[in-house]
Structures are given as C-alpha cells and as structure tokens.
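Examination of the molecular architecture
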Amino acid sequence: MLLSIIVPFYGVERYIAACLEPLCALPAGRVEVLLVDDRGPDGSRAIADAFCARCPSMRVIERTQNGGLSAARNTGLDAARGEYVFFLDSDDVPEADSLLPLCERMAREELDVVKARFAPFDDETGAALPAPVPPPCDAMAGDALFAQQCRAEVYEPMVWQCIYRRAFLEAHGLRMAEGLLFEDELFQTPALLLAGRAAMSDRTLVRYRQREGSIMRSFARSAAWCASYLEVCRRLSALADGLADTPGRVMLRRRIGQIALSVGKNIPAYGLAGDVRREAVAFLHAHRRELSGFALRSEDASVRRQGMLLRASPALFLRLYARLTGR
C-alpha cells in the first residue's frame, strides 16, 4: 500500500461528500482512505457509508466515543498500512491528482516529508482567498527547509499540507497532541525539524474551506485557546532544548516567541469582548513572565523588544497592538 489518507469526520454532513468525491478515482490497490467516525450528531456517517459502498479504497473506522480531531487522527494513524500518510480534514477539498505524484517523488528522493501549497476559499461565495506561496525547492534537511520558510515568513504548520513517511513518524514517536488546540503546530513543526530529507512542492494539495463555525472562528467565543498557546510554547521549547544549534533551532526560538506574543495580540485581533476578553486579559497578566520569557529567548530583536514590553506592562502591550491594527 503506497498511501494512507486519514479523514476524521464530525458534524460535516454539508461538506464530507465534496471532500470524498475526488478520492474515489484513486486506485484502491495503491491508496486506502480511512474515514474515522468521531461520533458526530449529524448524518455524516450515512454519507461516509454510502461512499464506502461504491469506493473499494474507503473504509470507516468507528471510535467508541468522541475524542476530538487529534484523537481521531491518531486512531487513523494506528490503522494506517500505507508507506506514506496524508491527514485530510473532512470539510476541505483535496486536489487528488497531486497525491500519488507527491508520494512517488518522496520515494524517488527518499523524503521523510513533502510540503505542498494550499488554496483557501470562502465557503459562502466560493471566492479564492489569499495564501502564502512558498517557493518550491529540492530535497534538503528538514531543519533547513523549516528555517528557510520561517525566514521568508511563509511557514504554515497545518498537517494537511504535508505527506509524511509513516516509518519516519513511528521512528520518532510522532503523534497528534490530544486535548489541545493548535495540535498541527505540535506535529508538523517537530516532524519537519527532525526530517532527514524534506522538500517543498509547487503542487496544490488541498482547497482549504474557510467557514463560519470553524475552530479558528470559535476563539472569539472562548478564552480556552490561551492555555493551548502556552502549552504549545512549552512543548516546542522543550523540543528546541534538545536540538543542535542550527538555523532551524534559531527560527524555532523565534517562532515560539511569536506564538507566546500572540496570546496578547489575539485579544484585539479576534475582537474579544465581555467575559471572554476579561478571561483572556486575566490569563495574559497571570502568565506574562512565562510568555515574555519565550519571546526574550528569541534572537530576533523585534520579538525580544515586544517581550520586554509585555513583561513590563500587559496593558500597554494590548493598547499599542490594538492601535497598530486599528482595533
């Protein structure tokens, strides 16, 4: 089996058919599509079953209880038999014609990870939305590719823009972090930094649906994301501590600082109000020393300056960022 495509689903009956239809044309002998049922309340399962009845490459894996996206992805990873693994969100639309050529490139060039481009679109209008356009590159150390993309400000951590060699994931014990938001950051970033060989393709792998009610848009309704940001910083910092002193490690320290600063920046950026804003501001005050510490460990002068401001005065940090963004 060449490729395992892992598609968790929960509450996506409006979208899952558009996600699965392009995958039906892929040869069953080379591809398996693992549909992980995370026990949603709607009719997604019936649609998934109908696709399995007509597409021999597809099968449903039923979880015993809802566990969230990371747990569902891990369930699919445990069941995968392919040499390569691709995680696909069930409300997005894959560019299926890119999948096997990318796997063949991975085999030919002995890659652990290949990244590809994605094309965001608005769910309501179908209009294309802007996205980073990282330049393609030949095979290089994953650490070098991570540093290159961070330096150019085009690095994105979403796992569905990558295909991974499964044996590489198993060798490093790489799994999705359960119970956290931003789980992609704790999977793709370590995977790239640990990859012996990685590359960036100019192919588009996914059409990324931006829709109301998505996880990102839910941040304005709860301050729970603050704790996830902090935990991501802690885990990535522990990873950085164990890496050699390379450009990738330098860029990782900068990225950790940027994520830590985002706890404050996202309060105005998300337009938080009422109790959610009060909870987020209280979190920022309570954890300002740790958050600013991550920024101060960066070698980037701008990140360090912002970290010093956050440590000195969270209120001033918020006011200045709100002014800069017009919020």
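Summarised in this report is the structure supplied together with it. All of these numbers come straight from a predicted model, not from anything done at the bench.

What follows covers the overall build of the protein. From N to C terminus, the protein includes 13 helices and nine strands. Relative to a compact globule of 327 residues, whose C-alpha radius of gyration would be 20 Å, the protein shows 20 Å and is just as compact. Viewed in the frame of its principal axes, the protein has a C-alpha envelope of about 60 × 45 × 35 Å. Across the protein, every contact between residues at least 6 apart in sequence was considered, and the portion connecting residues at least 24 apart equals 79%. By element, 49% of the accessible surface of the protein is carried by carbon and sulfur atoms, the whole surface being about 14000 Å².

This brings us to the nonpolar core. Counting 67 residues, the largest nonpolar core has F87, Y164 and L252 as the members making the most contacts within it. Ranked by residues supplied to this core, first place goes to helix α8 (residues 225–241) with nine residues. Not counting residues up to four positions away in its chain, the partners in contact with L252 are F146, T189, L193, L236, L239, A240 and L243. In terms of nonpolar packing, the next biggest core, distinct from the first, is built from 39 residues, V33, C52, F86 and L100 among them.

With that settled, the discussion passes to the pattern of salt bridges. Taken as a whole and judged by the stated rule, the model has 26 salt bridges. Notably, a salt bridge pairs D49 with R45, separated by 2.9 Å at the nearest N-O pair. Taken together, the positions of D49 and R45, both in helix α2 (residues 44–54) and four residues apart, correspond to about one turn of that helix. What makes R45 partly exposed here is its relative accessible area of 27%. Linking R278 and D275 is a salt bridge whose minimum nitrogen-to-oxygen distance equals 2.3 Å.

Within the element layout of this structure, R166 appears in helix α6 (residues 166–171). Judged by relative accessible area, R166 falls into the buried class, the value being 19%. When neighbours within four sequence positions are excluded, R166 is seen to be in contact with A80, R81, G82, E83, Y84 and V85.

Here we come to the state of the cysteines. Linking two cysteines covalently through their sulfur atoms gives a disulfide. Tallying each qualifying case throughout the model produces one disulfide. Residue C24 pairs covalently with C55 via a disulfide, S to S 2.4 Å. Taking the sign of the S-S torsion, 80° for the link of C24 and C55, the bridge is right-handed. With C24 in the loop between α1 (16–20) and β2 (31–37) and C55 in the loop between α2 and β3 (58–62), this residue pair connects regions lying 31 residues apart in the sequence. Owing to a relative accessible area of 2%, C55 belongs among the buried residues under this scheme. Here C162 is not disulfide-linked; the sulfur of C137 is the nearest cysteine sulfur, at 12 Å.

Before going further, it helps to spend a moment on the packing of helix α7 (residues 185–194) against helix α9 (residues 247–269). How two helices pack is summed up by the angle between their axes together with the distance between the axes. Closest axis-to-axis distance for the α7/α9 pair is 11 Å, and the angle between their directions is 165°. Here α9 runs roughly antiparallel to α7, going by the angle between their axes. Here α7 and α9 pass one another in a crossing that is right-handed. Contact with α7, carried on its side by E185, T189 and L193, involves G248, L252, R255 and I259 of α9 and no other residues of that element. Class assignment of the residues belonging to the contact of α7 with α9 gives a composition of three nonpolar, two polar and two charged.

In this description, a pair of aromatic rings is defined by centroid distance and the angle of the planes. Here the structure, examined in full by the defined rule, presents 10 aromatic pairs. Each ring, one from F118 and one from Y208, has its centre 6.0 Å from the other, and the planes form 80°; the classification is edge-to-face. Separated by 90 residues along the polypeptide, F118 in strand β6 (residues 113–122) and Y208 in strand β9 (residues 198–210) bring together distant segments of the chain. Arranged with centres 4.3 Å apart and planes meeting at 45°, the rings of F182 and Y229 form a pair that is tilted. With F182 in the loop between α6 and α7 and Y229 in helix α8, the pair connects residues that are 47 residues apart, well separated along the chain. Here F182 matches Y229 in class, with each residue buried. Lying over the aromatic face of F121, R207 brings its terminal NZ or CZ to 4.2 Å of the ring centre.

Reading the values: the criteria
Residues numbered from 1 in each chain as written. Predicted model: local features only at pLDDT ≥ 70, side-chain atom pairs only at ≥ 80, totals over all residues. Heavy atoms only, no water. Helix = DSSP H or I, 4+ residues; strand = E, 2+ residues; numbered from the N terminus. Rg over C-alpha atoms; globule rule 2.2 N^0.38 Å. Contact = heavy atoms within 4.5 Å. Areas by Shrake-Rupley, 256 points an atom, 1.4 Å probe, with all protein chains shown as cover. Core = buried A, V, L, I, M, F, W, Y, C linked by side-chain atoms within 4.5 Å. Buried < 20%, exposed > 50% of the residue type's maximum accessible area, 1.4 Å probe, protein only. Salt bridge = Lys/Arg side-chain N within 4 Å of Asp/Glu carboxyl O. Disulfide = S-S within 2.5 Å. Axes fitted to C-alpha atoms, helices over the stretch in contact; angles between N-to-C directions. Parallel < 35°, antiparallel > 145°, perpendicular 65-115°, else oblique. Left-handed = near helix turned anticlockwise from the far one by under 90°. Nonpolar A, V, L, I, M, F, W, Y, C, P; charged D, E, K, R; others polar. Phe/Tyr/Trp six-rings, centres within 6.5 Å; stacked < 30°, edge-to-face > 60°. Lys NZ or Arg CZ within 6 Å of the ring centre and 35° of its normal.

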